[in-house]
Protein chains: 2
Amino acid sequence: MTLGFTIESHDRGTDARCGVLSTERGSFRTPAFMPVGTAATVKGVWPGQLREMGYGCILGNTYHLYLRPGHERVRSLGGLHRFMAWDRLILTDSGGFQVFSLSALRKVSDGAVSFRSHVDGSAHVLTPELAVEVQEALGADLRMALDECVAYPAERGVVEDAVRRTTLWARRSLAARRLPEGGMLGIVQGGMFADLRRRSVEEICSLPFDGFAIGGVSVGEGKELQRETVDRTASLLPPSKPRYLMGVGTPGDLLFAVSRGVDLFDCVLPTRNARNGMMFTSAGQVTVKQSRYKDDPLPPDERCDCPTCRSFSRAYLRHLFSRGEMLASMAMTVHNLFFYARLMERAREAISRGNFMDFMKESLGSGIQ
Amino acid sequence: MTLGFTIESHDRGTDARCGVLSTERGSFRTPAFMPVGTAATVKGVWPGQLREMGYGCILGNTYHLYLRPGHERVRSLGGLHRFMAWDRLILTDSGGFQVFSLSALRKVSDGAVSFRSHVDGSAHVLTPELAVEVQEALGADLRMALDECVAYPAERGVVEDAVRRTTLWARRSLAARRLPEGGMLGIVQGGMFADLRRRSVEEICSLPFDGFAIGGVSVGEGKELQRETVDRTASLLPPSKPRYLMGVGTPGDLLFAVSRGVDLFDCVLPTRNARNGMMFTSAGQVTVKQSRYKDDPLPPDERCDCPTCRSFSRAYLRHLFSRGEMLASMAMTVHNLFFYARLMERAREAISRGNFMDFMKESLGSGIQ
């Protein structure tokens, strides 16, 4: 394994830290947000736009790519990077989360999870070994071990079982590795039970992963319980390895987790909300569905320098959105991703200066949610 | 009126000519294709991408913008250019074509055409004066006189009546002008009747328009009859003024009309076909719906240098298209518009060299349709 992670500075008042994550393909600075490119495309943006915004790593979804167009097809076309024309890093999830949230007729055993495709009902069996094989075929730089993700609320027995199985699968995932490049991250489960989280951390972090992810959050538990769990779990993870909070969240969620020492994030919020007409701004959310924006000549965010804010008014975006014009989703996606990229950039600067808490308070005070 | 049109060179073997069309806002070279931006956006592309492709003028649809968001709203937001962040030229149609093709319960008299909106059924009355007022409120650089467009086939009496009314409305359109900038073009009708086309040309071209359009084609008449009509009509138009063929067409249609001395074109084909998965290439059409492209690693057009062909394979575009991903439409739209822009650029070069016919034969021989 050749994944490198160097911590360059620690904040003074919080657990936040700045680092550089590097592989053979390249490196990027942390804390970092990674846009989600489910089906080998971050919806509505050109790869070049992501590069211009400064993103160093994006996500691909193993479950989706395994089903369509198929990992062998992607491999024979030169791998996921070439397929989608993205030359920086790609992290793929293990497929577990989608199997548990999207597929039908799911049946889990210690050996495997069998399910039917949400697309055509075809039967599939996902094992930890297959999850690794698919991710290696795609050529992902950062790969995730298959885990069992449990929705909230769940009985203790169910979560306990998922913790045990996640550890079992984590060992098998490591044993299944063939690709020397990049790295593999393990995932901690344990639901909202403090002792099960601790048990999962102990088991997963004893294994030779290149980094560790907090899984099993953003599954219906609500913001308070989520933050409590993130807070508790992050502090237990080994400080020298990158920490990744999966599927979270709002700008405020990200700042909170950064303050607890989390380095990596992914979430569909900025891209999905953009397609629903919602923009994150320095003064709070702007939802162009609202008729108050009909004649509003202001840019979405007066303090933003993104291509959307430099060109378009709220009234124009509202017009495009209500007409169902593609440019509505395109422009609002660019704005939101630009906003997330800048937020992380400014977070890194604040950590380097040692006053991340001030930056967080100021950001939240100005209306960021 | 301050619309300028300078012819810079004539082809040797055909009626093709190169020119420069200029207004206060700027100028562009002809023959030129103008992408269609129906609802104040060329579907799926950023204004900056259109600039990079070299487009100097795009189209806006008066009918659509009048209904939504409303011309007074656009005016109060600074005009159409500012609204859609496009600083080069805009040509607006008169709304007539859409009233005759989209709206319901249409009733035409010499005074006006009353109709119901295709969106919400609301009742509207369009007069030549209102068509001018709307276009001036939008701030279009090139504006069209309201005409009556007749579908094919049509009885002689109906076409004759439309010719008479189109001339009547042309006079009223000229009288209704208030905006000194830019210019107004008249539209020739006459269906597929040679003598009625001649009559319409004589009537419309006797009026002080800044240019003349061939309307009433691409209305169901088929390619042969269309070319016959274009051929016949173009040769009657005054050579010193720009000639505009409305709503046409394929790359082959454009080259044919250029050879007959037409200067301006607009058509939804490159943009609409892109959204349906069809690309124009130097070797003919590529339709990514076809399963033959599933594993095809080649770019859409091996001889094309557009951002899509530089980055993406047919297999990738097919994948995006079958997944319904926005980037499919975005990338194929960019390719098709790039293709049209380059075709016109190369046409202008061939005319300047005096061998347009060779260029046309070579293009058609290589598979362009």
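Our structure's up above, just so we're on the same page.
Computed from a prediction, not measured in an experiment: that's the story for all the values here.

*Asks:* Which residues make up the overall build of chain A, and what are the values?
*Replies:* Broken down by element type, chain A carries 15 helices and 17 strands. Projecting the C-alpha coordinates of chain A onto the three principal axes gives extents of approximately 60 × 50 × 40 Å. The buried share of chain A, taken over its 369 residues, is 62%. For chain A, the accessible area works out to roughly 13,400 Å², and carbon and sulfur atoms hold 48% of it.

*Asks:* Go over the environment of Ala104(B) with me, naming the residues and quoting the values.
*Replies:* Residues and elements named next belong to chain B. Tracing the sequence through the fold places Ala104 in strand E8 (residues 104-108). C-alpha of Ala104 to C-alpha of Ser117: the two residues are 13 residues apart in sequence and 6.8 Å apart in space. If sequence neighbours within four positions are ignored, Ala104 has contacts with Phe115 and Arg116.

*Asks:* Give me the lowdown on helix H13 (residues 314-322) of chain B, citing residues and values where you can.
*Replies:* The element H13(B) is largely enclosed, with a buried count of 7 among its 9 residues. Taken together, the buried positions of H13(B) are occupied by Arg314(B), Ala315(B), Tyr316(B), Leu317(B), Arg318(B), His319(B) and Leu320(B). Residues of H13(B) that are buried in the fold lie against helix H4 (80-84) of chain A together with strand E16 (278-281), helix H12 (307-311) and helix H14 (326-353) of chain B. Gly324(B) sits one or two residues past H13(B) and shows a positive phi near 70°.

*Asks:* Let's hear about the nonpolar core: which residues, and what values?
*Replies:* Counting 194 residues, the largest nonpolar core has Phe356(A) and Phe356(B) as the members making the most contacts within it. When sequence neighbours within four positions are dropped, the list of residues in contact with Phe356(A) reads Asp11(A), Thr14(A), Ala16(A), Leu255(A), Val258(A), Ser259(A), Ala347(A), Ala350(A) and Ile351(A).

*Asks:* So, the sheet that holds strand E15 (residues 264-266) of chain A: which residues are in play, and what are the values?
*Replies:* Residue and element names in this part refer to chain A. Strand order in the open sheet made by the 9 strands is E4-E15-E14-E13-E12-E11-E7-E6-E5, with parallel pairing throughout. The open sheet has two edge strands, strand E4 (32-34) and strand E5 (36-37), and neither has a second partner. The sheet contacts of helix H6 (residues 128-138) involve strand E7 (89-92), strand E11 (142-144) and strand E12 (183-188), and relative to E11 the element is tilted by about 160°. Of the strands in this sheet, E12, strand E13 (211-214) and strand E14 (243-245) are in contact with helix H9 (residues 223-234), which crosses E13 at around 160°.

*Asks:* Describe the relation of the copies chain A and chain B, naming the residues involved and giving the relevant values.
*Replies:* Rotating chain A by 180° and moving it 0.0 Å along the rotation axis overlays it on chain B with an RMSD of 0.0 Å. The superposition operator between the copies reduces to a two-fold rotation axis. Scanning chain A for the C-alpha nearest the rotation axis identifies Met326(A), at a separation of 3.7 Å. A shared interface surface links the copies, since 100% of the contact residues of chain A are contact residues in chain B too.

*Asks:* A description of unusual backbone geometry should follow, citing residues and the corresponding values.
*Replies:* A cis amide bond links Thr30(A) with the next residue in sequence, Pro31(A), at an omega value of 0°. Here Pro31(A) shows up in the loop between strand E3 (26-30) and E4. At the junction of Arg68(A) and Pro69(A), the peptide bond is cis and its omega measures out at 5° in the coordinates. Although it is not a glycine, Ala40(B) adopts a positive phi angle of roughly 65°. One non-glycine residue, Ser218(B), adopts positive backbone phi at about 60°. Note that Ser218(B) resides in the loop between strand E13 (211-214) and helix H9 (223-234).

*Asks:* I'd love a proper account of the packing of aromatic side chains, names of residues and values included.
*Replies:* Applying the stated criterion to the full structure yields 18 aromatic pairs over all chains. Ring geometry for Phe33(A) versus Tyr55(A): centroids 6.4 Å apart, planes at 65°, classification edge-to-face. Residue Phe33(A) is located in strand E4, and its partner Tyr55(A) is located in the loop between helix H1 (47-53) and strand E6 (57-60); the two are separated by 22 residues in the primary sequence. Each member of the pair Phe33(A) and Tyr55(A) is classed as buried. Both rings, one in Phe356(B) and one in Phe359(B), keep their centres 6.0 Å apart while their planes meet at 50°; by these two values the pair is tilted. With Phe356(B) and Phe359(B) both in helix H15 (residues 356-365), this residue pair falls 3 residues apart, about one helical turn. Here Phe356(B) falls in the buried class, since its relative accessible area comes to 0%. Cation over ring: Arg156(A) sits above Phe193(A), and NZ or CZ is 5.7 Å from the ring centre. The side chain of Arg342(B) reaches across the aromatic face of Phe338(B), ending 4.4 Å from its centre.

*Asks:* Lay out the pattern of salt bridges with the relevant residues and their values.
*Replies:* Here the structure, examined in full by the defined rule, presents 42 salt bridges over all chains. Across the pair Arg29(B) and Glu8(B) runs a salt bridge, and its minimum N-O distance is 3.2 Å. Highlighted residues: Arg29(B) in strand E3 (residues 26-30) and Glu8(B) in strand E1 (residues 4-10), separated in sequence by 21 residues. A relative accessible area of 39% places Arg29(B) in the partly exposed class. Residue class for Glu8(B) comes out partly exposed when judged on its relative accessible area of 48%. Because the salt bridges share partners, they merge into one network encompassing Asp110(A), Glu148(A), Asp161(A), Arg164(A) and Arg165(A).

Conventions and cut-offs
Residues numbered from 1 in each chain as written. Chains lettered and ligands numbered in written order. Predicted model: local features only at pLDDT ≥ 70, side-chain atom pairs only at ≥ 80, totals over all residues. Heavy atoms only, no water. Helix = DSSP H or I, 4+ residues; strand = E, 2+ residues; numbered from the N terminus. Buried < 20%, exposed > 50% of the residue type's maximum accessible area, 1.4 Å probe, protein only. Areas by Shrake-Rupley, 256 points an atom, 1.4 Å probe, with all protein chains shown as cover. Contact = heavy atoms within 4.5 Å. Core = buried A, V, L, I, M, F, W, Y, C linked by side-chain atoms within 4.5 Å. Pairing = 2+ DSSP bridges. Axes fitted to C-alpha atoms, helices over the stretch in contact; angles between N-to-C directions. Least-squares fit on C-alpha atoms with pLDDT ≥ 70 in both. Phe/Tyr/Trp six-rings, centres within 6.5 Å; stacked < 30°, edge-to-face > 60°. Lys NZ or Arg CZ within 6 Å of the ring centre and 35° of its normal. Salt bridge = Lys/Arg side-chain N within 4 Å of Asp/Glu carboxyl O.

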